[in-house]
Amino acid sequence: SGARDLAGTTVVVTAGGTREPIDPVRFIGNRSSGRQGVALAEAARDRGADVALIGANLEVPPPVGIELVPVSTVAELRDAVLSRAADADIVVMAAAVSDYRPVNVAHTKMKKDAVGDDVSIELTANPDILADLGALQHPRPVLVGFAAETEADADALAALGAGKLERKNADLIAVNRVDDGRGFGTSDNEVLIVGSGSRIVTTVDGSKRVVADAILDAALTERP
Ligand code: C5P
């Protein structure tokens, strides 16, 4: 757009995918590359915002001119986000955050001859960072969450987004189609942006940068 309509605002973006260690060489991770979050950080920077990018295991080069906070686990990502939330105008949770982590992390590499043929790894729930932000007292930042869904039907996607928005008390949810090779690791994205009251704010199908600008447009209209 070329507009510096985010000048004077502070935007926090999480990007990438968390890794929860099992032992020193193994982890529970996901397919998020960080491209959409990095595109969001770049778009916010270009629109004049002061941006902090909290990057979990980014597979893409970090953008220039943006404070990068590297994290790996959910606990690290949570600390980084919560410590910056009070000063933020907009928080976009684009990172894919693991819902669970191993209860016990082995200090040495797990060996097949020691653990045998059948192994169970006990998992426990991680805190939901977006829901924690949603529970903050007002004035709190505008909160944008993501939902990666494999549904193809627009109404079903919107309903999933609306449910997530309500459960986490977010302001906007960007519902991302990740079926059929869409979403993860690709340069394009198909996103439906849902607001309060199950409102479909907009649908975007384009580069991750185009999607990023649409999300920031929507976040700006949510500002008090
Ligand atoms: O519930 P679900 O994982 O689908 O929600 C996705 C959204 O919630 C994303 O914005 C993600 O960053 C955020 N999330 C979180 N903490 C978690 C799980 C997801 O902040 N433990």
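Every chain is numbered on its own, with residues counted from 1 as its sequence reads. Totals for whole chains, interfaces and linings use every residue, but because this is a predicted model, local features are given only for residues with pLDDT of at least 70 and side-chain atom pairs only at 80 or more, for both listing and counting. Note that water and hydrogens are dropped before the side-chain values are worked out from all heavy atoms of the structure.

The name given to the chain in an unreviewed UniProt entry is Coenzyme A biosynthesis bifunctional protein CoaBC, with Paramicrobacterium chengjingii as the source organism.

**Side note on the site of the ligand**
The condition that has to hold: Being near a molecule or strand, for a residue, means having at least one of its heavy atoms within 4 Å of it. For the purposes of these results, a polar contact is taken to be a pair of N or O atoms within 3.5 Å, where, inside protein, one atom must be able to donate a hydrogen and its partner to accept one; residues adjacent in sequence count only when each atom of the pair is a side-chain atom. For every accessible area listed, the method is Shrake-Rupley and the probe measures 1.4 Å; residues are considered covered only by the protein chains on display. Polar here means any residue outside two lists: the nonpolar Ala, Val, Leu, Ile, Met, Phe, Trp, Tyr, Cys and Pro, and the charged Asp, Glu, Lys and Arg; Gly therefore counts as polar.
Within the structure, the ligand sits among Met93, Ala95, Val97, Asp99, Pro127, Asp128, Ile129, Leu130, Gly145, Phe146, Lys164 and Lys168. Between the ligand and methionine 93 there is a distance of 2.7 Å, counted from an oxygen atom to a backbone nitrogen or oxygen. Measuring from a nitrogen atom of the ligand, one finds a backbone N or O atom of proline 127 at 2.9 Å. If the ligand stood free it would expose 450 Å²; the protein chains cover 87% of that surface. Residue composition of the shell around the ligand, by class: seven nonpolar, one polar and four charged.

**Topic: the sheet that holds strand S5 (residues 67-71)**
How we decide: Only strands joined by at least two bridges in the DSSP assignment are considered to pair. Here a helix means four or more residues in a row that DSSP labels H or I, a strand means two or more in a row labelled E, and each is numbered from the N terminus. In this analysis, axes come from line fits to C-alpha atoms, helices being fitted only over the stretch in contact, and the angle between any two N-to-C directions falls in the range 0 to 180 degrees.
One open sheet accounts for eight strands, arranged S5-S4-S1-S6-S9-S10-S11-S12; its pairing is mixed. Because the sheet does not close on itself, it has two edges, and the strands there are S5 and strand S12 (199-207). For this sheet, the mean inter-axis angle between neighbouring strands, taken without regard to orientation, is 20°. Note: strand S1 (residues 10-16) against strand S6 (residues 90-93), four bridges, orientation parallel. Within the sheet, the bridge partner assigned to valine 13 lies in S6 and is valine 92.

**With respect to the UniProt feature "binding site: CTP" (unreviewed entry) in the chain**
How we decide: UniProt positions are given in the numbering used here, feature names are shortened, and annotations may be inferred rather than shown by experiment. Contacts are assigned to residue pairs with any non-hydrogen atoms lying within 4.5 Å of each other.
The feature "binding site: CTP" (unreviewed entry), as given by UniProt, occupies Asp99, Lys109, Pro127, Asp128, Ile129, Leu130, Phe146, Lys164 and Lys168 in the numbering adopted here. The annotated residues occupy 70 residues of the chain and do not converge on a single region, their most distant C-alpha atoms lying 37.4 Å apart. By secondary structure assignment, the location of aspartate 99 is in the loop between S6 and strand S7 (100-102). Every residue in contact with aspartate 99, bar those within four places of it in the chain, is listed here: Thr124, Ala125 and Asn126. Secondary-structure assignment places lysine 109 in the loop between S7 and helix H3 (112-115). Lysine 109 has contacts with Asp23, Pro24, Val25 and Arg26, leaving out every residue within four places of it along the chain.

**What to know about unusual backbone geometry**
Of note, the bond from histidine 138 into proline 139 is cis; its omega dihedral lies within 30 degrees of zero at 0°. As for its placement among the helices and strands, proline 139 is situated in the loop between helix H4 (129-134) and strand S9 (142-149). Unusually for a residue other than glycine, asparagine 57 sits at a positive phi of about 55°. Along the chain, asparagine 57 falls in the loop between strand S4 (50-56) and S5.

**Regarding helix H1 (residues 35-46)**
Just so we agree on the cut-off: Any helix carries an expected span of 1.5 Å times its number of residues minus one. Accessible area is worked out with a 1.4 Å probe on protein chains only. A residue is then buried under 20% of its type maximum, exposed over 50%, and partly exposed in between.
When the terminal C-alpha atoms of H1 are compared, their 16 Å separation across 12 residues agrees well with the 16 Å that a helix rising 1.5 Å per residue should span. Turning to H1, its buried residues number three or more, namely Gln36, Gly37, Val38, Ala39, Leu40, Ala41, Ala43 and Ala44. Next to the buried residues of H1 lie S1, S4, S6, S9, strand S11 (188-195) and helix H6 (208-221).

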